[in-house]
Amino acid sequence: MAKKRGSKLSALVLAAFMVLSACGGGNSGGNTAATPSTSSNGNDAGGDAPKEVSFTIGYASGDPATKKAIADTVQRFMEANPHIKIKDISETTSAAYLDWLKTKDAVGEFPDLVEMRDTEVFADAGKIVELPSDLLELFNDPPKVDGKVWNAPMQVNSPQGIIYSKKAYEQAGITELPKTYDEFIEIQEKLKASGISPIVVGGKDIFHMGFWVNKFLIDQVYANDPDWNSKRTAQEVSFTDANVVQAMTDYKELFQNYVDKGWLSTGDNQTASFLVSGKAAQLYSGTWMFTQIAEADPNFEFGFYALPDREGNVNVIGLSSPAGWSISTEASKDADKVEAIKQFIRFFFEPENYSLYLASINAIPSTKEQVTYESSEQMQVVLGLMADPNVRKSLAINNWWGENQIPPQFRNWYYKLLQELVAKDGDVLEYMKQADTEYDNEVKANAM
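Since this is a predicted model, take the numbers as computed values, not measurements.

Criteria and cut-off values
- Residues numbered from 1 in each chain as written.
- Predicted model: local features only at pLDDT ≥ 70, side-chain atom pairs only at ≥ 80, totals over all residues.
- Heavy atoms only, no water.
- Phe/Tyr/Trp six-rings, centres within 6.5 Å; stacked < 30°, edge-to-face > 60°.
- Helix = DSSP H or I, 4+ residues; strand = E, 2+ residues; numbered from the N terminus.
- Buried < 20%, exposed > 50% of the residue type's maximum accessible area, 1.4 Å probe, protein only.
- Lys NZ or Arg CZ within 6 Å of the ring centre and 35° of its normal.
- Salt bridge = Lys/Arg side-chain N within 4 Å of Asp/Glu carboxyl O.
- Pairing = 2+ DSSP bridges.
- Axes fitted to C-alpha atoms, helices over the stretch in contact; angles between N-to-C directions.
- Contact = heavy atoms within 4.5 Å.
- Parallel < 35°, antiparallel > 145°, perpendicular 65-115°, else oblique.
- Left-handed = near helix turned anticlockwise from the far one by under 90°.
- Nonpolar A, V, L, I, M, F, W, Y, C, P; charged D, E, K, R; others polar.
- Right-handed = clockwise from strand over helix to strand, strands pointing away.
- Core = buried A, V, L, I, M, F, W, Y, C linked by side-chain atoms within 4.5 Å.
- Domains from an automatic or database assignment.

(A) The arrangement of the packing of aromatic side chains in detail. Counted according to the given criterion, the structure contains 38 aromatic pairs. Judged by centre distance (5.8 Å) and plane angle (15°), the ring pair of Tyr97 and Trp100 falls under stacked. Placement of the pair is Tyr97 and Trp100 together in helix α3 (residues 97–106), with a separation of 3 residues, close to one helical turn. Residue Tyr97 shares its accessibility class with Trp100, and that shared class is buried. Among the aromatic residues, those joined into a ring-pair cluster are Phe55, Tyr59, Phe77, Phe139, Trp325, Phe344, Phe347, Phe348, Phe349, Tyr354 and Tyr357. One residue, Arg117, lies across the ring of Tyr97, its end atom 5.6 Å from the ring centre. A cation over a ring is seen here: Lys279 above Phe274, with NZ or CZ 5.4 Å from the ring centre.

This is the structure in structure tokens:
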């Protein structure tokens, strides 16, 4: 049964593989604040009434569990610090988070404190500043962009995989988890024959497409060549190369044969109900779904495993990337606002608060200080994957940075192209030619 066990998730226990997954340099540099730090209750050393200050906050709110976890932390912080007002301007829309941030910037509403995922884009545009140097001590070697740390990492990237209904597997006569991708396809045939939709996909939300797309790209491309993106930018490799064509062929065949037919009109927030109601047997997603599924039906029994490739290798998302809380350039001009933001960041990562956030989305801590929470059966599998040196760790197509950064608009364009590939039963090679053309055009446009 999918019940919590008494085991503890510890940042100290995780330290070994977190170091392996880290890609950044040392913790030097960063901005220093001119204003002295205040205590957690907002009073300064002199005991004077604290000055009232406010700032805005923005984060990706498409995942209900993450949205609630952050909103709850914001509320607790304001209750503990009544002189600081945080205005949450996050919105749940069908737009990609990058596009939402650009819109907010265009109308002069860029958040003071922002969850940053496309760090290099906004750093290059001068929209965010380095993380203050006195906050660097909180984290384990956060990744750098251009030699600087721009983010307070909210968690460590963790593997995605197959979340499956134990009842559906049992009813289909499935007694063993797959050791190869071909064995996984055999399982899909058994599920299909049992009368259930094998896989639910929340294709209405474009970000959800990335789960499966990147699974195949990691297996065929990034696990063997982490610098593929930079080579593509230099036109040394192509989307029409055999490995990419194979990856996208696997993707197309999976969607056409085993994904629930309503995937283009299914939202990411509907996928948990598909599982617990028995409409579908499996979902390919991340750890944040564990809580949502358990809340949808506490008695629903489900498991989790990483999907192997054809050779039986296990390749997962698991490297660090520059993402997390960032301070806007505009906010950095106000010393009082910066101090309030720093106070919130410290509050967010205090073990008693941070553990609640981590537990809500089953995430892996990024902090040096020990953080524990009760981890589920499914999360134990994730931790095992992260600790296993034989499991190759990688990143999604748009999470690489530096020379491996892709044009920022290309990800969503590519995902939509791949939706069309399935919907129109397109020729994979012809569609990959379109991808090459679009990629090169965006590289040229960004260089102008």
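(B) Representation of the pattern of salt bridges within the structure. All told, the structure shown has 21 salt bridges when counted by the stated rule. Across the pair Lys104 and Glu109 runs a salt bridge, and its minimum N-O distance is 2.9 Å. For Glu109, a relative accessible area of 40% puts it in the partly exposed group. The partner of Asp225 in a salt bridge is Lys231, and the shortest N-O contact between them spans 3.0 Å. Judged by its relative accessible area of 17%, Asp225 falls in the buried class. Looking at Lys231, the relative accessible area reads 29%, which means it is partly exposed. When salt bridges with common partners are traced through the structure, they connect Glu91, Lys104 and Glu109 into a single cluster.

(C) Inspection of the sheet that holds strand β10 (residues 324–327) at higher detail. Pairing within the open sheet is mixed, and its 4 strands lie in the order β3-β2-β4-β10. If you trace the sheet from one side to the other, it starts and ends with β3 (84–88) and β10, each paired once. Across the sheet, the mean angle separating the axes of adjacent strands is 30° when strand polarity is ignored. Across 2 bridges, strand β2 (residues 53–58) lies against strand β4 (residues 113–116) in parallel orientation. Each bridged residue has a counterpart across the sheet, and for Gly58 the counterpart in β4 is Val114. Relative to β3, helix α2 (residues 64–80) is tilted by about 160°, and along the sheet it contacts β2, β3 and β10. Along the sheet face, helix α12 (residues 335–349) touches β2, β3, β4 and β10 and points at about 55° away from the line of β2.

(D) Structural view of the packing of α2 against α12. For the pair α2 and α12, the least separation of the axes is 10 Å and the interaxial angle reads 120°. As summarised for this structure, α2 and α12 are arranged oblique, according to the angle between their axes. The handedness of the crossing between α2 and α12 is right-handed. When α2 is examined against α12, the residues Thr73, Val74, Arg76, Phe77 and Ala80 are found in contact with a partner set consisting of Ala340, Gln343, Phe344, Phe347 and Phe348. Its residues assigned to classes, the contact of α2 with α12 shows 7 nonpolar, 2 polar and 1 charged.

(E) Representation of the pairing of β3 in the model. Bridge count between β2 and β3: 5 bridges; the pairing is parallel. By the bridge assignment, Phe55 is partnered in β3 with Ile86. Since β2 and β3 lie parallel, the crossover through α2 that links them has a hand, and here it is right-handed.

(F) The environment of Val422, seen in detail. Counting through the fold element by element, Val422 comes out in helix α15 (residues 410–423). A residue is classified by how much of its surface remains accessible, and Val422, at 9% relative accessible area, is buried. Separated by 171 residues in the primary sequence, Val422 and Tyr251 place their C-alpha atoms 8.8 Å from one another. With residues near it in sequence (within four places) discarded, Val422 still touches Tyr251, Lys252, Phe255, Gln256 and Trp263.

(G) Molecular detail of the nonpolar core. Judged by nonpolar contacts, the single largest core of 77 residues is most densely connected at Trp212, Leu217, Met248, Phe255, Tyr414 and Met432. Here this core gets 10 residues from one element, more than from any other, and that element is helix α7 (residues 206–222). Split by domain, the residues of this core number at least three in each of domain 1 (53–156 + 321–374) and domain 2 (161–317 + 396–447). Apart from the residues lying within four places of it in its own chain, the contact partners of Phe255 are Val201, Met209, Trp212, Trp263 and Val422. Core analysis: the second largest hydrophobic core is formed by 62 residues, Ile84, Leu135, Val200 and Val391 among them.

It is worth stressing that arrangement in space is one thing and function is another; only the former is reported here.
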